[in-house]
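# Coordinate inspection notes
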Amino acid sequence: MRNGNLRKIVIVGGGTAGWITAAPLARMLCGQAEAGQHCQVTLIESSEIGTVGVGEATLPTIRFYNQMLGIGEDDFVRKTQASFKLGIEFRHWGRLGNRFFHGFGDFGPAIHNRPLWAYWLRMRAQEPTLPSYEEWSTATMMAAGMRFTTPQPGEQSPANAFNYAYHFDASLYGAYLREYALGHGAQRIEGTIVRVETSPENGFVDALHLSDGRRIEGDLFIDCSGFRALLIDGAMNSPYEDWSHWLPCDRALAVPCKRMDPMTPYTTSTAQSAGWQWRIPLQHRTGNGLVYCSSYLDDDAAANVLLGSLDGEPLDQPRQQRFTTGRRKQAWVKNVVAIGLSSGFLEPLESTSIQLIMDGVSRLTALLPDRSFQPALAAEFNRQMAYRYESVRDFIILHYKLGERDDSEFWRYCSNMSIPDDLAHQITLFRQTGRVAILEPEGFEEPSWASILLGLSVVPQRLDPYLDLVDPNLVRRHLMGVHDSISRTVRSMPTHASFLAEMGRR
Ligand SMILES: Cc1cc2nc3c(=O)[nH]c(=O)nc-3n(C[C@H](O)[C@H](O)[C@H](O)COP(=O)(O)OP(=O)(O)OC[C@H]3O[C@@H](n4cnc5c(N)ncnc54)[C@H](O)[C@@H]3O)c2cc1C
């Protein structure tokens with residue numbers, strides 16, 4: 001067993017995962033030379049192999065990651081051609097013609113600790129003309145009006161009752177973080193790894209061999225090699241758990257098109273006959289893609305669906321990705337930790353992959369090993385990541401399972417498929433009682449579950465009996481007051497386009 005602290009961390013891969021991993025590690029470890037604790041962070045990437053080149057919509061947690069690195073928002077938005085994202089608009093999910101929005105943030109203030117959407121359900125039962133529950137979500141109303149500003153400090157009000165994320169150009173974000181990581185002392189090696197050298201004694205990775213003959217040693221190896229999973233699969237043989245019986249889409253075609261106005265402050269997800277299509281607006285172009293199931297749609301038909309529904313002129317040929325939804329059973333084995341696509345893949349319906357990368361890095365830094373690599377650290381990392389992946393998986397399956405579409409074999413399969421037990425419990429709980437279970441405290445929160453369940457038209461058979469104890473007049477005044485206040489606040493906000501233009505001038 002080796003002693004002492006890590007002296008060299010080697011990151012394999014320079015895609016989004018590699019640079020998201022390198023930046024905080026460089027900041028944390030490379031500057032500690034004065035304390036005698038210097039740890040080198042080296043990233044190897046291959047221009048011959050390249051990156052997956054997609055992954056442009058995010059969740060609000062990216063803001064905490066950027067803040068943790070001290071990255072200024074104006075600079076980041078300018079250099080990555082970013083736009084703002086208040087949530088996702090779902091079209092034709094559940095049934096043809098259906099439309100709903102998953103906004104970031106809460107529905108207006110709760111009454112006696114009970115969520116506003118629950119009172120809305122009660123009132124709506126008596127007043128069918130009541131506006132949609134979505135009108136009590138600031139983020140959703142901002143999106144509907146194409147408005148954007150950042151949350152205003154101060155007391156709780158509609159002006160700060162929302163959250164937001166970004167859409168960005170993935171290659172520019174990678175380049176941004178590369179500059180950051182190199183500026184904080186990380187080293188970059190351009191080369192293609194052709195052999196992984198493991199120790200005959202304990203199976204740990206000792207070194208990587210590049211095609212030009214170089215041998216790169218390290219203590220900890222982080223596998224960010226994408227779907228190739230060079231170390232975690234190739235060298236460590238960590239098995240892959242296949243979830244495609246629950247999430248059967250296995251291919252995607254992606255194509256950018258010319259940007260058309262208005263630049264929506266949200267992602268659009270449109271359900272198609274055998275999958276769904278994304279639309280991600282950036283400042284300089286719009287990203288589009290079709291995620292589909294090859295058992296129900298062939299590649300040529302998929303390309304026709306995608307190219308036939310762009311809202312601007314295509315700027316390239318569609319590029320295909322093939323994948324199997326699932327996760328690496330153990331993402332940390334011996335001295336190898338997999339982060340990014342090498343550790344698993346969940347389709348981008350709720351833009352969760354980059355969040356899972358950031359989550360992996362933050363858990364790795366919290367469980368940073370020394371050179372003895374105590375097995376309990378790997379076990380704890382694997383336990384936490386399994387939990388995270390499964391909770392995201394269940395949230396995504398929810399969108400497919402609750403569909404009532406019977407216009408294609410694909411949708412009939414999805415509505416009839418069996419689902420994981422926790423998700424079945426969540427759906428039954430909501431259907432029977434109007435309550436939402438918090439399955440994972442760090443995962444999607446109650447307003448997100450409620451948005452999807454209500455958006456897919458699940459009407460609870462019963463509601464929380466406590467709601468009946470609250471004076472209906474008080475509830476009505478509260479609901480209408482919040483509604484007015486959200487409408488007024490949103491009307492006073494700048495448009496998304498003018499906010500971005502102003503930011504560009506600063
Ligand atoms: C269709 C699709 C859409 C997506 N949309 C979203 C989204 O909207 N939001 C989101 O959060 N995520 C999304 N994702 C996921 C996101 O793209 C990835 O999580 C992210 O890009 C990280 O990829 P990566 O860095 O793990 O792999 P890659 O980008 O594939 O990078 C792999 C790196 O490993 C290097 N490498 C591989 N083999 C070798 C070798 N032998 N020697 C040296 N280097 C090597 C390559 O050079 C490259 O630098 C999407 C994914 C797909 C497939």
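Residues numbered from 1 in each chain as written. Predicted model: local features only at pLDDT ≥ 70, side-chain atom pairs only at ≥ 80, totals over all residues.

## Things to note about the pairing of strand β16 (residues 286-292)
The element β16 is largely enclosed, with a buried count of seven among its seven residues. Covered by surrounding structure in β16 are Thr286, Asn288, Leu290 and Tyr292 together with Gly287, Gly289 and Val291, the residues of both alternating faces. Bridge count for strand β13 (residues 251-257) against β16 is seven bridges, and the pairing is antiparallel. When the bridges of β16 are listed, Pro256 appears paired with Gly287. Direction of pairing for strand β15 (residues 275-281) relative to β16: antiparallel, over a ladder of seven bridges. Across the sheet, residue Pro281 finds its bridge partner in β16, namely Thr286. (Buried ≥ 20, exposed ≤ 12 C-beta atoms within 10 Å, placed from the backbone. Helix = DSSP H or I, 4+ residues; strand = E, 2+ residues; numbered from the N terminus. Pairing = 2+ DSSP bridges.)

## Re the sheet that holds strand β18 (residues 326-328)
What holds strands together in a sheet is hydrogen bonding between their backbones, with the strands either parallel or antiparallel. Pairing within the open sheet is antiparallel, and its three strands lie in the order β12-β18-β21. Either end of the sheet is taken by a strand with one partner, and the two such strands are β12 (240-242) and β21 (344-345).

## Considerations on the domain arrangement of the protein
Considered domain by domain, the protein is made up of domain 1 (1-53 + 88-103 + 167-386) and domain 2 (83-87 + 104-166 + 392-491). Computed over C-alpha atoms, the centres of domain 1 and domain 2 are 30 Å apart. Take the side of domain 1 that touches domain 2: its biggest share by element is four residues, from strand β5 (residues 99-103). Each residue belonging to the side of domain 1 that touches domain 2 can be placed in one class, and the counts come to 23 nonpolar, 10 polar and three charged. (Domains from an automatic or database assignment. Nonpolar A, V, L, I, M, F, W, Y, C, P; charged D, E, K, R; others polar.)

## Some details on the environment of Gln374
For Gln374, the location among the structural elements is in the loop between α8 (353-366) and α9 (375-401). For the pair Gln374 and Lys334, spaced 40 residues apart in the sequence, the C-alpha separation amounts to 8.9 Å.

## Observations concerning the sheet that holds strand β19 (residues 332-333)
Taken in spatial order, the six strands of this open sheet run β7-β2-β1-β11-β20-β19, and their pairing is mixed. The two strands at the open ends of the sheet, each matched to only one other strand, are β7 (187-190) and β19. Pairing geometry for strand β1 (residues 8-12) and strand β2 (residues 40-45), over five bridges, is parallel. Paired with Ile9 across the strands is Val41, a residue of β2.

## Points about the packing of helix α1 (residues 16-30) against helix α6 (residues 170-183)
One can describe the packing of α1 onto α6 by two numbers: an axis separation of 8 Å at closest approach and a directional angle of 25 degrees. What the angle tells us is that α1 and α6 run roughly parallel. The interaxial crossing formed by α1 with α6 has left-handed handedness. Residue-level inspection shows Thr16, Trp19, Ile20, Ala22, Ala23 and Ala26 of α1 in contact with α6, the latter providing Ala170, Tyr173, Gly174, Leu177, Arg178, Tyr180 and Ala181. For the contact of α1 with α6, the class distribution of residues is 10 nonpolar, two polar and one charged. (Axes fitted to C-alpha atoms, helices over the stretch in contact; angles between N-to-C directions. Parallel < 35°, antiparallel > 145°, perpendicular 65-115°, else oblique. Left-handed = near helix turned anticlockwise from the far one by under 90°. Contact = placed C-beta atoms within 7 Å.)

## Some details on the nonpolar core
Membership of the largest hydrophobic core comes to 136 residues, with the highest contact counts inside it found for Val12, Ala22 and Val336. When residues in this core are grouped by element, the largest group, 10 residues, is from α9. Both domain 1 (1-53 + 88-103 + 167-386) and domain 2 (83-87 + 104-166 + 392-491) contribute no fewer than three residues apiece to this core. If we ignore the near neighbours within four places in the chain, the residues touching Ala22 are Ile11, Val41, Leu43, Ala181 and Ala186. (Core = buried A, V, L, I, M, F, W, Y, C linked by C-beta atoms within 7 Å.)

## What about the environment of Gln330?
As for its placement among the helices and strands, Gln330 is situated in the loop between β18 and β19. Expressed as a C-alpha distance, the spacing of Gln330 and Thr61, which sit 269 residues apart in the sequence, is 24 Å. What Gln330 contacts, discounting residues up to four positions off in sequence, is Ser238 and Asn382.

## What to know about unusual backbone geometry
Here the bond from Asp261 into Pro262 is cis, since omega is -5 degrees, no more than 30 degrees from zero. With respect to the helices and strands, Pro262 occurs in the loop between β13 and β14 (267-272). In this model, His112 sits at a positive phi of 45 degrees, which is unusual for a non-glycine residue. Relative to the elements of secondary structure, His112 occurs in the loop between β5 and α4 (116-126). When the 10 C-beta atoms within 10 Å are taken as the criterion, His112 is described as exposed. Residue Met146 is not a glycine yet carries a positive backbone phi of 55 degrees. Considering the arrangement of structural elements, one finds Met146 in the loop between α5 (138-144) and β6 (165-167).

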